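Structural characterization, general
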Protein chains: 2
Amino acid sequence: MINIQQLSLEVSIGVDTLRIWERRYGFPNPERDSRGHRCYPDEQVEELRVIKKLQLLGLQPNKIFALSALERKDLLQQEQADEGSDNVFVQQLAAELNPTEIDHALRRLLQQLGLEEFIHQAAVPLIHVLDHGWANNSISIAREHLVSDRLESLLKEQLKIGELETALHRLLFLTLSGERHKLGLLLSALLFQQQGLGSIFLNEELPLSEVPPLAEALGVSAVAVSFSAHYPTRQAKKDLASLRNSMTPEIKLIAGGYAVRKEFIMPNLFICSELEKIPSLCKKLFHDN
Amino acid sequence: MINIQQLSLEVSIGVDTLRIWERRYGFPNPERDSRGHRCYPDEQVEELRVIKKLQLLGLQPNKIFALSALERKDLLQQEQADEGSDNVFVQQLAAELNPTEIDHALRRLLQQLGLEEFIHQAAVPLIHVLDHGWANNSISIAREHLVSDRLESLLKEQLKIGELETALHRLLFLTLSGERHKLGLLLSALLFQQQGLGSIFLNEELPLSEVPPLAEALGVSAVAVSFSAHYPTRQAKKDLASLRNSMTPEIKLIAGGYAVRKEFIMPNLFICSELEKIPSLCKKLFHDN
DNA sequence: TAATCATAATTGTCCTAGACAAAATAGTAT
DNA sequence: ATACTATTTTGTCTAGGACAATTATGATTA
């Protein structure tokens, strides 16, 4: 029995949205405490997780609420079926809970494959399996966090801070306040680094207004920002416009992630949603052969 | 000119709180756009930062709003004066912006002092200076993030994941959704590790309901949670009660941080707000000499 | 058939203004 | 000084309304 604020944090749905869904669709349908405040039972929390996942798959609330709870669950299962991962090793990793073993396995793999191949053949599939397992409820949130935490640590170790000074161009990678998903951005940072650029990866989320002064103080050639599916597209659009507006045009702006659309066209804003396109983007931006 | 949502993220004050301050104290005093939505000019954002800092120092909004903008600034300066750090090296670190040099300096220091001394003599003072510089506006938010980011990376490398299996007791360190401050908890994790315990430090914030299953799956002897000054005390209290209630009593619960009060008395809940007390708490919890 | 555009429906965030429990402060008695 | 009580103060909740931006739908044209 949790209140609306806690629920909002649990399922990553805004408080206002939760209330208006109740008004419009009759769900969630919380009980009330003595003061008339909403109290959500566990089952509704779980149902909202399902709904959120369907929404992230691209369905409108409209359609989602037209379905029964059972139909929703089936739909989620269905989505899972077609995307079965072929990589057994990755499957094992996602299923193994022991942190020590996860760490060892990842390190072994990294040594075998080298960083670039590790990213494409291990990290990306692993992240997919985790996302997918999460959507499908076959992996607990906790386990997902545990594995991605180990992966993140390992990847962060691969950032070469010592070589920043010698690099021709430095890039600043960061997320804005409210964006918690950093793994994709971290992969980008490493791939840019592989292209010979200096990657400064900021782990902490920054308020919008702090970005321009930091970028200028660090003397970077570009700032890369990532917006996950959880970040409202509207907000991402506004944020990028605001950023582009408050930075000198010499500093390029690179945006990526699910919430970023190709239509966000602006001068000196580069959309990069696929890791594969990083080398070509690199050439385009800093033609330093 | 930003909207209320963005402002909330910028200054870490809830949307509801911003509106009720306006109603009660006449500040902030935003303009309105064509739809009647609040638009906050930059100066008010800055003023709110000052107010937030005073609030974190322990002042009630009541008193804060009774002052003029100038008086507020003076008060903040005053608070700064008495806590001048004696450690010149730490001051330099906080002032130096180059990530490479920060990293090198920290590593050198760690090698000189050893982990335990590094924590007490370098990490803790550095965090104080950062906090303090932030409150005093002498360090930009961005710089503060940059330095604490480097410190965090270095400290995370010191966690010995490989020795988890051999340790007699394992501890799980984590923060709940919404709590972004992890440095203090990380220091604790390292000090517990120095006491011979296995520290599992989870970087990602977890929803409340995910903690008990994870703790049991990992077979830990205790869960340590941290709540910073930004986390509402009320919520921390509720969260701890809920956690304690949903975990087997064999798993101890350790809580620390500014938002945690000694009055939060519950069976098998241990409050630990000072790093110095970790060795004795360790003995108390796991009398394994 | 596919692409383009205008229209309609949907969605999430904002609005006002009132209520109240929990926390903090002040006041009083032990 | 300490404990206990009364009084502020504070932040989060409530309801129900509004509307711009996004997405879907249908009509029209190439």
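The structure this text deals with has already been given above.
Residues numbered from 1 in each chain as written. Chains lettered and ligands numbered in written order. Predicted model: local features only at pLDDT ≥ 70, side-chain atom pairs only at ≥ 80, totals over all residues. Heavy atoms only, no water.

As for the sheet that holds strand 4 (residues 198-201) of chain A
All names here are of chain A. Note the cut-off: Pairing between two strands is assigned when DSSP locates at least 2 bridges connecting them. By definition, any uninterrupted DSSP run of H or I lasting at least four residues is a helix, any uninterrupted run of E lasting at least two residues is a strand, and each is numbered from the N terminus. Axis lines are fitted to C-alpha atoms, over the contacting stretch for helices. Their N-to-C directions set the angle, which ranges from 0 to 180 degrees.
Read across the open sheet, the five strands follow the order 4-3-5-6-7; overall the sheet is parallel. The sheet is open, and its two borders are formed by strand 4 and strand 7 (269-271), each paired with just one other strand. Strand-to-strand twist across the sheet, computed as the mean angle between neighbouring axes with direction ignored, equals 25°. Direction of pairing for strand 6 (residues 252-256) relative to strand 7: parallel, over a ladder of three bridges. Each bridged residue has a counterpart across the sheet, and for I254 the counterpart in strand 7 is F270.

Here we look at the sheet that holds strand 5 (residues 222-226) of chain B
Residues and elements named next belong to chain B. The test is simple: Whether two residues are in contact is decided by their heavy atoms: any pair within 4.5 Å suffices.
With parallel pairing, the five strands of this open sheet are ordered in space as 4-3-5-6-7. The sheet is open, and its two edges are formed by strand 4 (198-201) and strand 7 (269-271), each paired on a single side. Averaged over all pairs of adjacent strands, the angle between their axes in this sheet comes to 25°, without regard to strand direction. Together, strand 5, strand 6 (252-256) and strand 7 form the strand contacts of helix 12 (residues 233-246), whose direction differs from that of strand 6 by roughly 170°.

Describing the relation of the copies chain A and chain B
Applicable threshold: To superpose the copies, least squares is applied to the C-alpha atoms of every residue with a pLDDT of at least 70 in both.
Mapping chain A onto chain B leaves a residual RMSD of 0.0 Å; the transformation is a rotation of 180° accompanied by 0.0 Å of translation along its axis. Here the two chains are linked by the operation of a two-fold rotation axis. Of all interface residues in chain A, 100% are interface residues in chain B too; the two copies therefore contact each other through one and the same surface.

Describing the packing of aromatic side chains
Note the cut-off: The rule is short: rings of Phe, Tyr and Trp, with Trp giving its six-membered ring, pair when the centres are within 6.5 Å, and they are stacked under 30 degrees, edge-to-face over 60, tilted in between. For a ring to carry a charge above it, either NZ of a lysine or CZ of an arginine must fall within 6 Å of the ring centroid while also lying within 35 degrees of the normal to the ring plane.
Taken as a whole and judged by the stated rule, the model has eight aromatic pairs over all chains. Ring geometry for B:F173 and B:F192: centres 5.6 Å apart, planes at 50°, overall tilted. With B:F173 in strand 3 (residues 170-174) and B:F192 in helix 10 (residues 183-194), the pair connects residues that are 19 residues apart, well separated along the chain. Each member of the aromatic cluster is reached from another via a ring pair, and the members are A:W21, A:Y25 and A:F65. Above the ring of B:F27, the side-chain terminus of B:R72 is found at 5.9 Å from the ring centroid.

What to know about the pairing of strand 3 of chain B
All names here are of chain B. Put simply, the test is: Relative accessibility decides the category of a residue: with a 1.4 Å probe and only protein chains considered, values under 20% of the type maximum give buried, values over 50% give exposed, and everything between is partly exposed. Viewed with both strands pointing away, a crossover whose connecting path from the first strand over the helix to the second turns clockwise is right-handed.
Taking burial as the measure, the five residues of strand 3 include five buried ones, the bulk of the element. What you see with strand 3 is no split at all: R170, L172 and L174 on one side and L171 and F173 on the other are buried throughout. Here four bridges tie strand 3 to strand 4, and the two strands are oriented parallel to one another. Its bridge partner being in strand 4, L171 is matched across the sheet by S199. With respect to chirality, the unit in which strand 3 leads through helix 10 into the neighbouring parallel strand 4 is right-handed. The pairing of strand 3 with strand 5 spans four bridges and is classified as parallel. In the sheet register, L171 faces strand 5, and the bridge partner there is A222.

Observations concerning the protein's contact with DNA strand C
Condition: One heavy atom suffices: a residue is near a molecule or strand as soon as one of its heavy atoms comes within 4 Å of it. In the analysis that follows, any N or O atom pair within 3.5 Å is treated as a polar contact, provided that within protein one partner can donate a hydrogen and the other can accept it, and provided that, for residues neighboring in sequence, both atoms belong to side chains. Ten residue types, Ala, Val, Leu, Ile, Met, Phe, Trp, Tyr, Cys and Pro, are classed as nonpolar, four, Asp, Glu, Lys and Arg, as charged, and the remainder, Gly among them, as polar.
Residues in contact with DNA strand C amount to 26 residues; listed here are only the nearest, A:R24, A:Y25, A:Q55, A:N62 and B:R19. The contact atoms of DNA strand C, taken as those within 4 Å of the protein, divide so that sugar and phosphate hold 66%. Between A:Q55 and DNA strand C, the recorded distance is 2.7 Å, taken from a side-chain N or O atom to a phosphate oxygen. Residue assignment for the surface near DNA strand C shows that the elements contributing at least two residues are helix 2 (15-25) and helix 4 (61-66) of chain A together with helix 1 (4-11), helix 2 (15-25) and helix 12 of chain B. If one sorts the elements of the surface near DNA strand C by residue count, helix 2 of chain A sits on top with six residues. Residue classes in the surface near DNA strand C are distributed as six nonpolar, nine polar and 11 charged.

Observations concerning helix 11 (residues 211-218) of chain B
For clarity, the cut-off: It is the directions from the helix axis to the C-beta atoms that the arc portrays.
Residues of helix 11 of chain B that are buried: B:V211, B:P212, B:L214, B:A215 and B:L218. The arc enclosing the buried residues of helix 11 of chain B, seen along the axis, measures out at 165°, which places them on a common side. Check the buried side of helix 11 of chain B and you find it contacts helix 7 (99-136) and helix 8 (141-157) of chain A together with strand 3, strand 4, strand 5 and helix 12 of chain B. Following helix 11 of chain B by one or two positions, B:G219 has its phi on the positive side, about 65°.

Section: helix 3 (residues 42-56) of chain B
Residues and elements named next belong to chain B. Test applied: The span one expects for a helix is its residue count, reduced by one, times 1.5 Å.
The end-to-end C-alpha distance of helix 3 is 21 Å, a good match for the 21 Å that 15 residues give at a rise of 1.5 Å each. Those residues of helix 3 not exposed but buried are Q44, V45, E47, L48, R49, V50, I51, K52, K53, L54 and L56. Of the residues flanking the end of helix 3, it is G58, one or two places downstream, whose phi is positive at about 115°.

Read these as geometric descriptors, not functional statements.
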